[in-house]
Amino acid sequence: MLDIGLHHFLTVSVLVFIAGLFTVLTRRNAIGVLMGVELILNSANINYIAFSRFGGSGYDGQIFTIFAIMLAAAEAAIGLAIVLGIYRKFETIDVEATDTLRG
Amino acid sequence: MDLGNFASLSHSFPTLFLAFSVVAVFLLDLVIEKKEWLGDIALLVVAIAILGVVRLLSSETGALFHRSVVLDEFGLYFQLLVLLSAFATIWMSLGSREIRRLNQGEYWAILLASTLGMAFMATSNNLLMGYLSLEFVSLTSYVLAGYSLHNRRATEASLKYLIYGGVASGAMIYGMSWIYGLAGSLEFHAIQQALLTNGEAALPLYVALVLTLAGLGFKISAFPFHMWAPDVYQGAPIPVAAFLAVGSKTAAFALMIRFFFTAMAAPAGGGAYEMVGGVDWRTLLLVVSALTMTYGNLAALNQTGSVKRLLAYSGIAHAGYALMGFVVLTDDGLRAMIFYLTVYYLMNIGAFLVVMMVANSTGREDLASFRGLAWRGGAVPAVAMAIFLFSLTGLPPFAGFIGKFYLFAAVVKQELYLLALIGVANSVVSLFYYARIVRVMFLDQPEGGEGVVEVDWHNGVLLGLLTIGTVVLGIFWGPLFDFADRSTRLFIG
């Protein structure tokens, strides 16, 4: 049986972080971009819990994760409202099509 | 002193009062028909909070709420600055035609909520509190930036702010998770102690710091995290742009100073600090500072369209100047930086206020709407704008000169001559685009289609106060400088 330790969690979190960053950079759909941001936040959450579990430094990390999950929800709510506003004005949620502010 | 929960409550009147007021204003919105009254209430709330902070200035320094928040002169000074920005922003909003056209109900409550977040940013003492307050400010700012729902540009600005902000704060929380893992604690002082005892693992710490800097650098609009600023300032309502340029930038500087000076550095005696953890973040920030001011100024040179966009680039450049006080790692630098941010508050809010007064009368905010401003009824705002712009450039006898003088003095004292040279060269470059606005206002004659600019007493009072502040602090800056000097003391432990 494979013994799962801190390194495994950290590897997963790095992979999730890179996946999130890749999603943000390549998606043109605004909701896709927001999902990438959620992946980045969750990669950090994995880290906090792993460090809290294996580092023996109390529950600080887990508390941080609870707050981060709550904030991610708040951010998603505001994000979707803004995307809805974009759809009303531009009739698309393609982030490249809405790039009109230039100078 | 390290206070328990109940004792802490008695020392956090300003933030508690703001928090209750946010809820109260949301509820009052349901019963009050005249929405301007809510703005007056918000103004009163901020004024009371300012008095509360002033009253706390004489109390003992210490840690509150299980060491997640601190009470020290540094934090209180920045709370004052943030509250004053909020006060000016609310005052501006009450006199803004753009805001008057909107459904104002929640605007005031969200503005107060944003102020509350900034007040917490100034006093956070651990990573969790820092992240929460920063994110609180971000979320409210996204809403404020896109508040004019009928406006395409505002909606777009809001989306861009959301995406850049989401990624930046995501990178920051990920970087913080590594700092937590390496140091085993979320609290700034405990991180410092842990890094002092085991200084290895420099590479992961370096990566973690760069990622954390992404979130903080985003808020202060430092290169290369500045991309959002021009678009957001251009799209957002003018008072909101002023608030983002001054309030949120100042608060982020406060959090950044506290994080780097109490967690990533330790006092080395003689007013100097030294870095801990074997990571040379000072050189990194030095490069960021030089690039930020150079980029901001060069990009501003090309701006002949929107004045708000020009002020955004100028704001980026000023973040670079202020960072000069950061990288010298001494009390001198901190003091110069605090003083500079105060002066920046006066002159930048002032510049946005003049843009708003022109926009109120003409409905436009491009450079062409300033043509011959002095000759079509707007002589007072034109003169005030000239004072603000020359002060932003750093010309004597205005406050901006004194601010820059102390920054350069601190940099030269640490023998960072190249950085000082870059700073001076940048100030010269900035004169070109600031003087261009002055030339358009005074030397160009109006072509007839611009419309008359009227000065009403409401905006006139604020304009007068900011102008007097900018001029007086250029001649008689001693008391404020002493106050800034006292406020460099960070509570450590």
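Residues numbered from 1 in each chain as written. Chains lettered and ligands numbered in written order. Predicted model: local features only at pLDDT ≥ 70, side-chain atom pairs only at ≥ 80, totals over all residues. Heavy atoms only, no water.

Undergrad: Pulling in residues and values, what's your account of the overall build of chain A?
TA: Tallying secondary structure elements over chain A gives three helices and zero strands in all. Beginning at the N terminus, the succession of helices and strands in chain A can be written as α-α-α. Taking 103 residues into account, the globule formula puts the C-alpha radius of gyration at 13 Å, and chain A, at 17 Å, lies well above it. Its C-alpha atoms give chain A principal-axis dimensions of about 50 × 30 × 25 Å. Taking all 103 residues of chain A together, 41% fall into the buried category. Contacts in chain A between residues far apart in sequence, at least 24 positions, make up 51% of those at least 6 positions apart. For chain A, the accessible area works out to roughly 5900 Å², and carbon and sulfur atoms hold 66% of it. Put simply, chain A has 6 plus and 8 minus side-chain charges, and the middle of one group is 7 Å from the middle of the other. (Helix = DSSP H or I, 4+ residues; strand = E, 2+ residues; numbered from the N terminus. Rg over C-alpha atoms; globule rule 2.2 N^0.38 Å. Buried < 20%, exposed > 50% of the residue type's maximum accessible area, 1.4 Å probe, protein only. Contact = heavy atoms within 4.5 Å. Areas by Shrake-Rupley, 256 points an atom, 1.4 Å probe, with all protein chains shown as cover. Lys, Arg positive; Asp, Glu negative; His and termini not counted. Charge placed at Lys NZ, Arg CZ, Asp CG, Glu CD.)

Undergrad: Let's hear about the overall build of chain B: which residues, and what values?
TA: A tally of regular secondary structure across chain B gives 20 helices and four strands. For 493 residues, the compact-globule estimate of 2.2 N^0.38 gives 23 Å, and chain B sits close to it at 22 Å. With the C-alpha coordinates of chain B rotated into their principal frame, the extents come out at 70 × 55 × 40 Å. Taken across its 493 residues, chain B has 65% of its residues classed as buried. Counted over contacts in chain B with a minimum sequence separation of 6, partners at least 24 positions apart contribute 81%. Separation between the mean location of the 26 positive side-chain charges and that of the 29 negative ones in chain B comes to 7 Å.

Undergrad: How would you sum up the interface of chain A and chain B? Please name residues and give values.
TA: Opposite the 44 residues of chain A that make contact, chain B presents 41 residues. Each partner contributes to the roughly 3600 Å² buried at the junction of chain A and chain B, and carbon and sulfur atoms together form 75% of this total. Looking at the side of chain A facing chain B, the largest losses of area belong to A:F64, A:K89 and A:L101, adding up to 20% of the total buried there. If you look at where chain A meets chain B, you find seven residue pairs in polar contact (both at pLDDT 80 or more). The set of elements that each furnish at least two residues to the side of chain A that touches chain B consists of α1 (6-26), α2 (30-55) and α3 (60-90) of chain A. The element best represented in the side of chain A that touches chain B is α3(A), accounting for 17 residues. A per-class count over the side of chain A that touches chain B returns 27 nonpolar, 12 polar and five charged. (Buried area = accessible area lost by both parts, 1.4 Å probe. Polar contact = N/O pair within 3.5 Å; in protein donor to acceptor, adjacent residues only side chain to side chain. Nonpolar A, V, L, I, M, F, W, Y, C, P; charged D, E, K, R; others polar.)

Undergrad: So what's going on with the pairing of strand β3 (residues 265-269) of chain B? Residues and values would help.
TA: All names here are of chain B. Pairing between β3 and strand β4 (residues 272-275): four bridges, direction antiparallel. Within the sheet, the bridge partner assigned to P267 lies in β4 and is Y273. Count of turn residues in the β3/β4 antiparallel hairpin: two residues, of which G270 carries a positive phi of about 65°. (Pairing = 2+ DSSP bridges.)

Undergrad: Tell me about the packing of helix α16 (residues 379-393) of chain B against helix α18 (residues 417-442) of chain B, and please be specific about residues and values.
TA: All names here are of chain B. Viewed as axis vectors pointing N to C, α16 and α18 meet at an angle of 175°, and their least axial separation amounts to 9 Å. Between α16 and α18, the angle is such that the two are roughly antiparallel. Contacts between α16 and α18 involve A382, V383, M385, A386, L389, F390, L392 and T393 from the first element and S427, S430, L431, Y434, I437, V438, M441 and F442 from the second. When grouped by side-chain class, the residues that make up the contact of α16 with α18 number 13 nonpolar, three polar and no charged. (Axes fitted to C-alpha atoms, helices over the stretch in contact; angles between N-to-C directions. Parallel < 35°, antiparallel > 145°, perpendicular 65-115°, else oblique.)

Undergrad: Can you break down helix α4 (residues 73-94) of chain B residue by residue, with the values?
TA: Taking 1.5 Å of rise per residue, 22 residues should cover 32 Å, and α4(B) covers 31 Å from first to last C-alpha, within 8% of that figure. The buried fraction of α4(B) is high, at 20 of 22 residues. (Expected span 1.5 Å × (residues − 1).)

Undergrad: Residues and numbers for the pattern of salt bridges, please.
TA: Residues and elements named next belong to chain B. By the definition in use, this model includes 15 salt bridges over all chains. E73 is the partner of R489 in a salt bridge, and the nearest nitrogen-oxygen pair spans 3.4 Å. Of this pair, R489 sits in the segment after α20 (478-486) while E73 sits in helix α4; the two residues are 416 residues apart in sequence, bridging distant segments of the chain. The partly exposed category is assigned to R489, whose relative accessible area is 47%. Across the pair D231 and R309 runs a salt bridge, and its minimum N-O distance is 3.0 Å. With D231 in helix α11 (residues 228-235) and R309 in helix α14 (residues 307-327), the pair connects residues that are 78 residues apart, well separated along the chain. Each of the two residues, D231 as well as R309, counts as buried. Several salt bridges converge on common partners, so that one network encompasses E156, K160, D231 and R309. (Salt bridge = Lys/Arg side-chain N within 4 Å of Asp/Glu carboxyl O.)

Undergrad: Which residues make up the packing of helix α7 (residues 127-145) of chain B against helix α8 (residues 152-183) of chain B, and what values do they have?
TA: Residue and element names in this part refer to chain B. For the pair α7 and α8, interaxial distance at closest approach is 9 Å and the crossing angle is 175°. Considering their axes alone, α7 and α8 lie roughly antiparallel with respect to each other. Only A154, S158, Y161, L162, G165, G166, S169, M172, I173, M176, I179 and Y180 of α8 make contact with α7, whose side of the interface consists of L127, Y131, L134, E135, S141, Y142 and A145. For the contact of α7 with α8, the residue count by class is 13 nonpolar, five polar and one charged.

Note that every value here comes from positions in space, so none of it alone points to a role or purpose.
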